[in-house]
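Structure assessment
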Amino acid sequence: MKTILIQMAADARLIIKNIFLWITVGFLVLIIITVNFFLPEETAVETVAVAHYGMGLPGLPKAESIEALTEMVRKDDKLIGIYETNGEVTALVNNLSEKQTRAGLSRFFEKENQVPVNYSYTSEVIEPAPFNKRMAPVMISLEAVMTGILLAGVIMLTEKERGITRAYRVSPPGAAGYVLSKTILFSLIGTAYSFLIALFTAGFDIHIGPFLLLSFIVSALFTLMGMTVSVFIKSISTWLMLMAFLIGINTVVLFAYIFPSVSMDFMKVLPAYPMIFAFERTMFGPAGYSGNGFGVLTLWTAGLFILCLICVHFRLLKPHKGE
Amino acid sequence: MLKVSNLSHDYEGKGKFVVKDISFEINRGEIFGFLGPSGAGKSTVQNIMTGLLKLQAGTVTYNGKSITNISKSFYNRIGVSFEQPNLYPELTGEENLRYFAGLFGVPTTRPAELLEKVGLRGSAKKKAGDYSKGMKQRLVFARALLNNPEYLFLDEPTSGLDPSVAAKICELISEEKKKGKVIFITTHNMELADRLCDRVAFLDGGIIRAMDTPYNLKLRFGSQTVKLTYRGDMKEELFDINNEREKLIAAIAKKEVSTIHTSEATLEDIFIKITGRGLAS
């Protein structure tokens, strides 16, 4: 433990003096400013779908019962479910504001003021968050991916380039100490970043405990991902290209959150997919731990930790065949 | 005791051995010098001995225990000084030592004490990146002593140092020897080897060409000569003591001698004689 703390302290001193840290800090400030001052609270860009029960609307998905309709809406944030009882139309929504719902239903009514005003929210969401606040999970995810992948990777690559890894190899700590010290440090930094963004965008009205835990898990995940890849890289140019690829592929998933229609199957395989929806739930959902995102992300992190250990042990620290 | 037997290494696995059939042993309180020009395979042997390179053929044992069976805790007992100063340039000299001291599971020497020893006390708070090459070399040497190691591996320990600092480092190495440590030095500095080493091995083309004490090597391969300088024309003449003793006596008797100097072969002369090439090549 003492060894891990000493390594963490040294890595912290090194990363403070590294330009990449300050780039990510700049990005953090930019995110906070963008969410608070540049993103609108409402947007018409989002497309919503409509399903119904017993309304006789041809071409629209039809539910067999109000319960089935409620279940459909609960599963899809961008779906409006409508049904009629005693001549009164009720709209079931999950995560849409009144304005968005009115806009989504206006095509079925002659005048916008005829759009039903009876709104019923499914149990998932208490109050729909404004658009700009709902972008915070996207930004937090982006920052977590960047910080995790870049910071540990750059430290590792610099150590390799300077031959410091050789000095480490003739000292007692093994791969576990090496990987743990870096993972813990950069996960703490990542958690601090995420918390700051959440604090300055959504305030304290989030599930703080689950949010911090989730931030730590995803920061560890992407730190381990960055380290595992960096083990095999020798030059900074190759490293930068690979890191850009990793960041790119993980951020593509963020579109699935903003535009659900572009959600493709391959995106769901990537860890960024459950991450962004888990962040959304811990920030705006009624129960911070709901959904299986936490479990999936923890499994990803555990798997990457084992993989990283193996790579660091056999590729970085074990006697080489050639130098 | 450190024992190396029939060690060979082939980087590419195509039968092109960088070092071949290397055998030697080093006892406690002994300084063993591995001498040879750049590319002779000195660092390869040291890297195999310290576990940086995989042992392909032969054996390396520490008190009878093979390098292939040692645990990571064994590194508490060895100290390695690299030729290339591999330090954290962003950290100060003291921070560098404190960081590496934290990696060991045994009591370590205080960084300030080691910095004092190598003459860097005044630069303890200075970033290692701002050190001169010689200062970095001293810091790397100090780092090798942090854990008070039983086995000390020094790769070109005086490279880039001015003569007075080099002398100080030699003094420190001698002190470590007196503590009963096993010291392995790789160098192409024959003067350093002559001054410090109890035994030396000449490595050339990946094989050991000769191995003995510097004194015995000089005795075996060198010639002892006397150089006379005569008055007047200042002409010089060399005489081999063993083969030209009578000629020398006659010269002293007949001619007016200005100066008489004895000279013995240096390790470099012997290396050239044995390998046919100099150390700088």
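Some thoughts on the overall build of chain A
The number of helices and strands found in chain A is 13 helices and four strands. The burial tally for chain A puts 53% of its 323 residues in the buried class. A separation threshold of at least 6 residues defines the contact pool for chain A, and within that pool the share at least 24 residues apart is 72%. As presented, chain A carries roughly 14,200 Å² of accessible surface, and 66% of it is formed by carbon and sulfur atoms.

What about the overall build of chain B?
Each helix and strand counted, chain B has nine helices and 13 strands in total. Along the first, second and third principal axes, the C-alpha set of chain B runs to 70 × 50 × 30 Å. Partitioning the intrachain contacts of chain B with sequence separation of at least 6 by distance along the chain shows that 66% fall at a separation of at least 24. Accessible surface computed for chain B: about 12,700 Å², of which carbon and sulfur atoms make up 49%. For chain B, the separation between the mean place of its 40 positive charges and that of its 34 negative charges on side chains is 4 Å.

Overview of the sheet that holds strand β1 (residues 2-9) of chain B
Residues and elements named next belong to chain B. In spatial order, the strands read β2-β1-β4-β5; together these four strands make up an open sheet with antiparallel pairing. If you trace the sheet from one side to the other, it starts and ends with β2 (19-26) and β5 (65-66), each paired once. Direction of pairing for β1 relative to strand β4 (residues 57-62): antiparallel, over a ladder of five bridges. By the bridge assignment, S5 is partnered in β4 with T59. This element, helix α1 (residues 42-49), spans β1, β2 and β4 of the sheet and lies at about 120 degrees to β1.

Overview of unusual backbone geometry
Residues and elements named next belong to chain B. Here the phi dihedral of D21 falls at roughly 55 degrees; this positive angle occurs in a residue that is not glycine. Summarising the element assignment, D21 is placed in strand β2. You will see that N148, though not glycine, has its phi angle at about 50 degrees, which is positive.

Things to note about the environment of E268(B)
Of note, E268(B) is situated in helix α9 (residues 267-275). What makes E268(B) partly exposed here is its relative accessible area of 32%.

Comments concerning the side chain of T24(A)
Residue and element names in this part refer to chain A. Within the secondary structure, T24 is located in helix α2 (residues 19-38). Classification of T24 by relative accessible area gives buried; the value is 0%. At a separation of 2.6 Å, a polar atom in the side chain of T24 contacts the main-chain carbonyl oxygen of L21. T24 has contacts with E143, T147 and Y193, leaving out every residue within four places of it along the chain.

Brief notes about the domain arrangement of chain B
Looking at chain B, the domain boundaries give domain 1 (2-214) and domain 2 (223-264). The distance between the C-alpha centroids of domain 1 of chain B and domain 2 of chain B comes to 43 Å.

Description of the environment of F24(B)
Residues and elements named next belong to chain B. Inspection of the secondary structure puts F24 in strand β2. For the pair F24 and K3, spaced 21 residues apart in sequence, the C-alpha separation works out to 6.1 Å. Those residues in contact with F24 that sit more than four places away from it in its chain are L2, K3, V4, F32, F34, V45, M49, F184, I208 and M211.

Examining the sheet that holds strand β6 (residues 78-81) of chain B
All names here are of chain B. If you walk across this open sheet you meet the six strands as β6-β7-β8-β3-β9-β10, and the pairing is mixed. Every interior strand has two partners, whereas the edge strands, β6 and β10 (207-212), have only one. The mean inter-strand angle of the sheet, taken between neighbouring strand axes irrespective of direction, is 15 degrees. Examined bridge by bridge, strand β3 (residues 30-35) and strand β8 (residues 182-187) share six bridges and lie parallel to one another. Among the inter-strand pairings, G33 is bridged to a residue of β8, identified as I185. Along the sheet, helix α4 (residues 133-145) makes contact with β6 and β7 (151-155), crossing β6 at roughly 170 degrees. Contacts between helix α5 (residues 163-178) and the sheet are confined to β3, β7 and β8, with β8 contributing the most and set at about 150 degrees to the helix.

Rules used throughout
- Residues numbered from 1 in each chain as written.
- Chains lettered and ligands numbered in written order.
- Predicted model: local features only at pLDDT ≥ 70, side-chain atom pairs only at ≥ 80, totals over all residues.
- Heavy atoms only, no water.
- Helix = DSSP H or I, 4+ residues; strand = E, 2+ residues; numbered from the N terminus.
- Buried < 20%, exposed > 50% of the residue type's maximum accessible area, 1.4 Å probe, protein only.
- Contact = heavy atoms within 4.5 Å.
- Areas by Shrake-Rupley, 256 points an atom, 1.4 Å probe, with all protein chains shown as cover.
- Lys, Arg positive; Asp, Glu negative; His and termini not counted.
- Charge placed at Lys NZ, Arg CZ, Asp CG, Glu CD.
- Pairing = 2+ DSSP bridges.
- Axes fitted to C-alpha atoms, helices over the stretch in contact; angles between N-to-C directions.
- Polar contact = N/O pair within 3.5 Å; in protein donor to acceptor, adjacent residues only side chain to side chain.
- Domains from an automatic or database assignment.

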